[in-house]
Amino acid sequence: MKTKINILVLTAIVFLATACKKNLDLDQKGVYNTDNYFRNETDAVNAVTGIYSLLEQEDYISHAETTFDVASDDYWRSGDHSEDEAIENLTYDASNAQVRFSWTYKYETVNRSTNAIINIPKIATMNEAVRKRSMGEAYFMRAFGYWRLMLIYGDVPIISESDFTNKTFNKPKSSIEEVRKQIEADLLKAVDMLPESYSATDRGRVSRGTALGLLTKLYMYWEKLPEAITTGQRLIDNPNYNLAATYKENFTRANENSAEILFSVQGLQNVVQNDYTIYYIPRAWGGYGFSQPLQGLANEFEANDSRKAATLLSVGDKINIGDGVNDQTFTSSLSSTGFAFRKYAVFYPFGSAEGNGVDHNYAVPLMRSADIYLLVAEAKIRTQGAGAGDALINQVRRRASTLLPPVSGAGMTQLIHERRVELAGEGERHQDLMRWDKKGIVNIAAIYNLAVSKAPIDQGKTVTFIRPKHYYYPIPQVEIDKAGGVLVQNPNF
């Protein structure tokens, strides 16, 4: 905050110093718009990099997006934010801060991407491979923005290229079917334009596998199961996106080398604050201590499943959080539930793992190949019958531990278990339960009512999941107000 104040003061001083001078005729320097910015390849690459930079915003992916999963049976919200408590208790309304926080960033993702899509083709001289890649990145990122909007709000406005050019941003909602078609169209273009992999200097950019992964997820939520199988299998069959050798290496400081990580929040520690993980770290270690895992999640792991130790910090566990001291012991005083997420603690911004303060890269996973393996397994079970997904489920289980018994004839019960333990803390549980509830595979209301005793202070509380109201969140009231009647609120809010 102090930095922002100093900049404002400096701006005021410069303005006052120049306002008294007359007849100044100076060329403006360093101010760009869409008419004068896209001049060369460097501008194109920087414009696309600017889309990725939104992922570092605290109220986009790192906080507002992860908070939506506290409604699930995996976490207790912790913290002192009333808006988080309302999300967890399903008592939120259109004024809820978490509901409104990331709306702007999602549409900023859409707008920056559309800006690149319109203007990169106009650059006269540019390496065509870089042009094609940059366009693919922009199409993917626009699809990702709409994907998050669709999952959270359902029907939302679509801003087309002509809307962007004509500055017609106040649009009514499009149907969820239209939004899905928009996402699909952008992802199909991204699949054709993106490279399969990158050199070390461009690590972290989205690849063809990233686009295939999100397209597979789209088809699953769209209930287009045959398309999900075909698309997901393209990723599974490509060695560029193989599962990592061990589960825990997806959550290490060197994890940018893992082929399994399809999409991640990249940053250089001590340069960009890692807001994504600070919420998971106990307060005594300098974090916020939010989203504390529940005993029910801990109980879900089978004996000999290495994913439990890699995912959760339990009382008595030791961890080096890279703060220049010896290993820390996790104690009961650090969490009301007795657990914290280990898988994100290693990304916490204390410097290097040795505690010597050296900057290091981090890449917090947003999508992994294992997710796609299990989605394809699910699609096969639901279209071909129990056992059809065994091979893929067993690949994921065998990677977790050779001591885990292989599944045989697995149905949805086994698949649901596998997704819960494999992807714990990665923002998938609440959305998984909702899409399964819509198809009658689970009873989300019963699951959530069983999960209400989340911590000592919440004993005896009841939660009521209302269908279809709670399948989507309300459009932020501030956006409804600004739209002047063009945007219509979601039903039941």
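Residues numbered from 1 in each chain as written. Predicted model: local features only at pLDDT ≥ 70, side-chain atom pairs only at ≥ 80, totals over all residues. Heavy atoms only, no water.

Peer 1: Help me understand unusual backbone geometry in this model?
Peer 2: Backbone phi values are negative for most residues with the exception of glycine, while trans is the configuration of most peptide bonds. Looking along the chain, the bond that leaves Arg-467 and enters Pro-468 is cis, with omega of -5°. A positive phi angle, close to 60°, is found at Lys-167, a residue other than glycine. By the element assignment, Lys-167 lies in the loop between helix H8 (161-166) and helix H9 (176-193). Since its relative accessible area comes to 63%, Lys-167 is described here as exposed. Within the chain, Asn-492 stands out as a residue other than glycine whose phi angle is a positive 75°. (Helix = DSSP H or I, 4+ residues; strand = E, 2+ residues; numbered from the N terminus. Buried < 20%, exposed > 50% of the residue type's maximum accessible area, 1.4 Å probe, protein only.)

Peer 1: Sorry, what's going on with the confidence of the model for the protein chain here?
Peer 2: Low pLDDT means the predicted coordinates in that region are not meant to be read closely. Per-chain confidence: the protein chain averages 86 in pLDDT, with 84% of residues scoring 70 or above. Below a pLDDT of 50 lies the segment residues 1-24, which in the model reaches one contact outside its immediate sequence neighbourhood of four places, other chains included. Scored below 50 in pLDDT, residues 350-360 shows 30 contacts in the model against residues more than four places distant or in partner chains. (pLDDT = per-residue confidence, 0-100. Contact = heavy atoms within 4.5 Å.)

Peer 1: Would you take a moment to explain the side chain of Glu-479 for this structure?
Peer 2: Along the chain, Glu-479 falls in helix H21 (residues 477-483). Discounting residues that sit within four places of it in the chain, Glu-479 has contacts with Trp-103, Thr-104 and Leu-487.

Peer 1: I keep staring at the nonpolar core and nothing clicks. Help me out?
Peer 2: Among the nonpolar cores identified, the biggest contains 119 residues, and Phe-140, Phe-144, Tyr-146, Trp-147, Tyr-153, Ile-183 and Phe-263 are the most heavily contacted of them. Top element by residues in this core is helix H7 (residues 128-153). It accounts for 15 residues. Formed by eight residues, the second largest nonpolar core is a distinct cluster that contains Leu-313, Ile-319, Phe-330 and Ala-340. (Core = buried A, V, L, I, M, F, W, Y, C linked by side-chain atoms within 4.5 Å.)

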